[in-house]
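# Notes for the structure review
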Amino acid sequence: MLNKPTQEAEIKAWAEETLGVQLGGARITRLKQDASLRSYFRIAMPDGASWVLMHMPQEALKRSEEGGGHVASAELPFLNIHRYLQGLGLPVPEVLRFEEARGMMLLEDLGDTTLEAQVRQHPGVLESSYAELIDTLACMRARAEKTPAPDCLGFQREFDFELYMWELEHFREWGLDIWSSVLRTEEENAELSACFEALAGQLAALPRGFTHRDFQSRNLMLKQGQWHLIDFQDALQAPRAYDVVALLRDSYIELEPRFVREMLSHYVLCFAKHGGQALDETRFVHEFELLTVHRKLKDAARFEYIARQKQNTSFLPFIPLSLHHVRSAFSRLPQLKRFEALLARWLPELA
């Protein structure tokens, strides 16, 4: 770990060695960490040049902070997925150096303009920004389906029945037992398990392919007019609509239902444009709604988990919107009425 008294000097010395320049006048600023074990520091020079240093504790180097089983890797997952995305021609930050022993990586500085910040500060660009990112997402998926890479971790791990169930059980523990805190009978728990298994079974039966996993507004950075992808180290095999849910049913930005529907149609068109197979739009939208229920229940629970386990309460205000997305999806999934009615007993947001 970097100790605060030596932090700045160690960062400067390591960056100087990497860049081959003196950083005596550089300003070191710690960036917002959010829920990750990783720490980020900006190294800014008086002339405007800047870089970002990512520091990873040893326990976080090769294991995911997400749940479920994981493939052992001799290589840092971030670098493994980075190489694959770069090979597909997708915009990712340049990696200047990585030293495993210190858990340090020097990266291109993408600035501070996330998609979330951009649309909040400039609402007029919301539609064009999302349309562009849907195109990027469709491009990534279409190219990945044509260019599988067995050595890429994103092709070695997958959203299977067990992982869907793990995340639903995570919701039972942190979204119901902890956050809702309403006691349930054995019969209710058994009924809930049956609903979990039915949903997980439907999702596990969907075709899978390369998926970013967290393609949302805080992981999309705008630099010099181009959107860049970050936080992709947990990429895996999942249904096509999974990343689309992460983007359009974001826990941080609420989009109008009309616009969401337009963007789903836009994805279908873009996927074909980039060489993907023709998608049945009705089926794709249905899968989008099913995945919304799963993903947003998991997100709501994760926010509570982060507050309790990491003493980071900044995500708690986003639980209501996450559950609002679940309610919206339920309204379009009459076959899940039993599940909806059951959750509504304990979550007023779904009543």
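Refer to the structure presented above.
This report concerns the structure included in the present document.

## A short note on the overall build of the protein
- Of the regular secondary structure elements, the protein holds 11 helices and 9 strands.
- Its C-alpha atoms give the protein a radius of gyration of 21 Å, near enough to 20 Å, the size a compact globule of 351 residues would have.
- Seen along its three principal axes, the alpha-carbon backbone of the protein occupies a region of about 65 × 45 × 40 Å.
- For the protein, with 351 residues in total, the buried portion stands at 54%.
- Relative to all contacts within the protein whose residues are 6 or more apart in sequence, the contacts with residues 24 or more apart total 71%.
- Taken as a whole, the protein presents about 15400 Å² of accessible surface, with 51% of it coming from carbon and sulfur.
- Within the protein, one finds 40 positive and 50 negative side-chain charges whose respective centroids are separated by 1 Å.

## Quick look at helix α8 (residues 257-273)
- Counted at 1.5 Å a residue, the expected span for α8 with its 17 residues is 24 Å, and the 24 Å between its end C-alpha atoms agrees.
- Buried within α8 are the following residues: Phe-259, Val-260, Met-263, Leu-264, Tyr-267, Val-268, Cys-270 and Phe-271.
- The inward-facing, buried residues of α8 abut α4 (126-146), α7 (241-248) and α9 (281-309).
- In the stretch just after α8, Gly-275 is the one whose phi turns positive, near 95°.

## A short note on the pairing of strand β2 (residues 39-44)
- Counting buried residues in β2 gives 5 out of 6 residues, a clear majority hidden from the surface.
- Inspection of the sheet shows strand β1 (residues 27-30) paired to β2 by 4 bridges, in the antiparallel sense. Following the sheet pairing, Thr-29 is matched in β2 by Arg-42.
- Strand direction decides the pairing type here: β2 and strand β3 (residues 50-55), joined by 6 bridges, are antiparallel. What sits directly across from Ile-43, in β3, is Trp-51.
- Count of turn residues in the β2/β3 antiparallel hairpin: 5 residues, of which Gly-48 carries a positive phi of about 100°.

## A look at the pairing of strand β4 (residues 95-99)
- Pairing of β4 with strand β5 (residues 104-108) involves 4 bridges; the strand directions are antiparallel. Residue pairing in the sheet places Glu-99 in a bridge with Met-104 of β5.
- Count of turn residues in the β4/β5 antiparallel hairpin: 4 residues, of which Gly-103 carries a positive phi of about 65°.

## A word on the environment of Met-165
- Relative to the assigned elements, Met-165 resides in helix α5 (residues 161-180).
- For the pair Met-165 and Ala-198, spaced 33 residues apart in the sequence, the C-alpha separation amounts to 9.9 Å.
- When near neighbours in sequence (up to four residues on either side) are disregarded, Met-165 contacts Phe-196, Glu-197 and Ala-200.

The rules behind the values
- Residues numbered from 1 in each chain as written.
- Predicted model: local features only at pLDDT ≥ 70, side-chain atom pairs only at ≥ 80, totals over all residues.
- Heavy atoms only, no water.
- Helix = DSSP H or I, 4+ residues; strand = E, 2+ residues; numbered from the N terminus.
- Rg over C-alpha atoms; globule rule 2.2 N^0.38 Å.
- Buried < 20%, exposed > 50% of the residue type's maximum accessible area, 1.4 Å probe, protein only.
- Contact = heavy atoms within 4.5 Å.
- Areas by Shrake-Rupley, 256 points an atom, 1.4 Å probe, with all protein chains shown as cover.
- Lys, Arg positive; Asp, Glu negative; His and termini not counted.
- Charge placed at Lys NZ, Arg CZ, Asp CG, Glu CD.
- Expected span 1.5 Å × (residues − 1).
- Pairing = 2+ DSSP bridges.

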